[in-house]
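Descriptive structure summary
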Amino acid sequence: RPTEPVFMEKGKTSTVFDVPDKYLTKRYERLGNEIQSRFGEKAEQRVPVREISLPDLRIPMSLGRDEQFSLFVPRHRRIAGRLIDIFVGMRTVDDLLSVAVYARDRVNPYLFNHALSVALLHREDTKGLDLPSFAQNFPDKFVDSQVFRQVREEATVVPDGSRMPIVVPRDYTASDLDPEHRLWYFREDMGINLHHWHWHLVYPFEAGDRRIVEKDRRGELFYYMHQQVIARYNMERFSNNLARVTRFNNFREPIAEGYFPKMDSLVASRAWPPRFDNTSIKDLNRELDQINLDISDLERWRDRIFEAIHQGFVVDASGNRIPLDERRGIDILGNMLEASIISPNQSVYGDFHNMGHVFISYAHDPDHRHLESFGVMGDSATAMRDPVFYRWHAYIDDIFQEHKTRLTPYTLPQLQYDGISISGLQVSSEGGQPNVLSTFWQQSDVDLSRGMDFVPRGNVFARFTHLQHTPFTYTINVNNDSGAQRFGTVRIFTAPKTDERGQPWLFRDQRLMMVELDKFVVQLNPGQNTIRRRSTESSVTIPFERTFRNLEVNRPAQGSPEELEFNFCGCGWPQHMLIPKGLPGGMRCELFVMVSNYEDDRVDQTLVGACSDAASYCGVRDRLYPDRRAMGYPFDRLPRQGVDRLVQFLTPNMSIVDVSIRHDANRVVMRQ
Ligand code: CUO
């Protein structure tokens, strides 16, 4: 079949590989040249594949072609680690191509895609290649299974060019009888799930080669990115008159929230298993997955992690104490809790967060008696669909906060910027009132055809509905009375103005609700400075086109430096989810802006061509995290003595303004 586009020449839409006969699987061997010429006729490009002596693929092939694949399952992780090593270890791109082509029809498709993606992202000689959007290759992980029958029908009956988009129903997984269902547009958003999948692809927690895992501050970023997801989710809950998410901290208590994904795995040809309301997790004994683990193991790890936090140090595998200090503590804890292979001591502190995903994802079949695979919590591409994801990560975050609240609060000198003060702050959207943001629904089309095997070729679009907002601009007036030119980092956050009961927040609670909207460096001339920044420039987000990459709109010119950048950078919060939905009458929020001293923030490195525009949650590829401060600064710690409220926290280089987020539920706009 016309195959993966990863090695495809730019602009060519169909490519075939000239595969050595020996590389054909048994099934196709007898068809030999016939199968090659059948697909070859229409191809615009033929890629020769060299026959080389192949590495040992027995371990990667030990996972069935039609099994589900999960990085959270330790056996699968080891298998993936082996295949990544093989792909990364190939001497040249040609050799990589040979082994990839050979493996393509023999290895589990999810495993293949994951290992090849990780390898392409990390090999020096393949960093410029385009990774196709995961939603394109495996649309079954993102879309209602009913859509695929319609897609097949459309592709078979209607000629390419005259096909109509298939409309993905707006909210198909549950009814409003379930209050949790109000959050469908967040949990089931394709962009959010793609961001999460991509994040874990960029920051794998296991690989044979440690260098792939050992990235700058990866443990801290694990904490921060997921902390922000919970803050954003809570703000979204407020937009639906729901209280903050509750932690899943009692593993013996049934999980009230059920989830019925209504998705089929096209690879496994099975439905993703649901979890019924009030299901409890149970001791796991699944021979196939080589998992034999009790809830008490999870509890033991948890207790040891808390003990380490309270003692202020962890004990590594050689018995040395490593302090959980201000500088490195959160990074060590992140790796330890997740756990990644650079955890200081997995045999003592275990694999807490990953195994939490596993326990929850197998709650419906803990001993494999029903021969069922894992639920959506077992896969980073689907986990965020499930309400329990947020309950689990709220607990994970709570443990991180146990450490953060033990750090010395920031002192005034750590917060102020001498000579710099903010004298004005406003947001405005085009044609709107000042300090009012507006949200509505938008419909966008995504091509699903690449993920469909054995259907006629050509595009078939699915039309799905997602949240959107009117773009807006921040205007910030900054005085520089220092008498010299200065540089500052502008940090913008927002949080609801009041708690669930409409009461003003205590700083210690509101800080956890603070959602980062943007962070950027400015030059401050002596005197008055007016800074204007557009919401679309946010350091948190990537544009819609990049989230999906198969949409040709706004695609940079072929071969341009912008195009290289465009291809690399699939990690980033989707721009259309930058701000929460808000409420029809307006949700009252506080917008916070701080200008910190760039001398204390700066990290000296060059960022040219480094894919740095969604750095807040994703870091910068192959570079240090581009901000020396603790992630989440200045809200990552408790306030100094005497500060109870946000307004008392403010120093002259900070400012807040009330903003209202209004949602117009009747406005549905088609993406042009
Ligand atoms: Cu991203 Cu739990 O780490 O899903």
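Preceding this paragraph is the structure being described.
Notes on the structure in this doc start here. Source: prediction; values computed, not measured.

Some words on the state of the cysteines
Any covalent bond linking the sulfur atoms of two cysteines counts as a disulfide. Under the counting rule described, the total for this entry stands at one disulfide. Here Cys571 pairs with Cys618 through a disulfide, and the sulfurs are 2.1 Å apart. Handedness here is read from the sign of the S-S torsion; for Cys571 and Cys618, about -75 degrees, the answer is left-handed. Residue Cys571 is located in the loop between helix H21 (561-568) and strand E18 (573-574), and its partner Cys618 is located in helix H23 (residues 615-618); the two are separated by 47 residues in the primary sequence. Judged by its relative accessible area of 8%, Cys571 falls in the buried class.

Re the pattern of salt bridges
A side chain with one charge can pair with a side chain of the opposite charge if their charged atoms come near. What the rule picks out here adds up to 45 salt bridges. Here Arg77 ties to Asp351 by a salt bridge, and the two come within 2.8 Å at their closest N and O atoms. Highlighted residues: Arg77 in helix H4 (residues 74-89) and Asp351 in the loop between helix H15 (346-349) and helix H16 (352-361), separated in sequence by 274 residues. The residues Arg77 and Asp351 share a single accessibility class, namely buried. For Asp95, the salt bridge is made with Arg91, and the minimal N-O distance between the two is 3.5 Å.

So, the packing of aromatic side chains
Evaluation of the coordinates by the stated rule reveals 40 aromatic pairs. For the ring pair Phe487 and Tyr598, a centre distance of 6.3 Å and an interplane angle of 55 degrees mean the geometry is tilted. Of this pair, Phe487 sits in strand E14 (residues 486-496) while Tyr598 is found in helix H22 (residues 598-601), placing the two residues 111 residues apart along the sequence. In this arrangement the basic side chain of Arg667 is found over the ring face of Phe440, its NZ or CZ atom lying 3.9 Å from the centre. The cationic tip of Arg671 hangs over the ring face of Phe544; the distance from NZ or CZ to the ring centre is 3.5 Å.

Criteria and cut-off values
Residues numbered from 1 in each chain as written. Predicted model: local features only at pLDDT ≥ 70, side-chain atom pairs only at ≥ 80, totals over all residues. Heavy atoms only, no water. Disulfide = S-S within 2.5 Å. Helix = DSSP H or I, 4+ residues; strand = E, 2+ residues; numbered from the N terminus. Buried < 20%, exposed > 50% of the residue type's maximum accessible area, 1.4 Å probe, protein only. Salt bridge = Lys/Arg side-chain N within 4 Å of Asp/Glu carboxyl O. Phe/Tyr/Trp six-rings, centres within 6.5 Å; stacked < 30°, edge-to-face > 60°. Lys NZ or Arg CZ within 6 Å of the ring centre and 35° of its normal.

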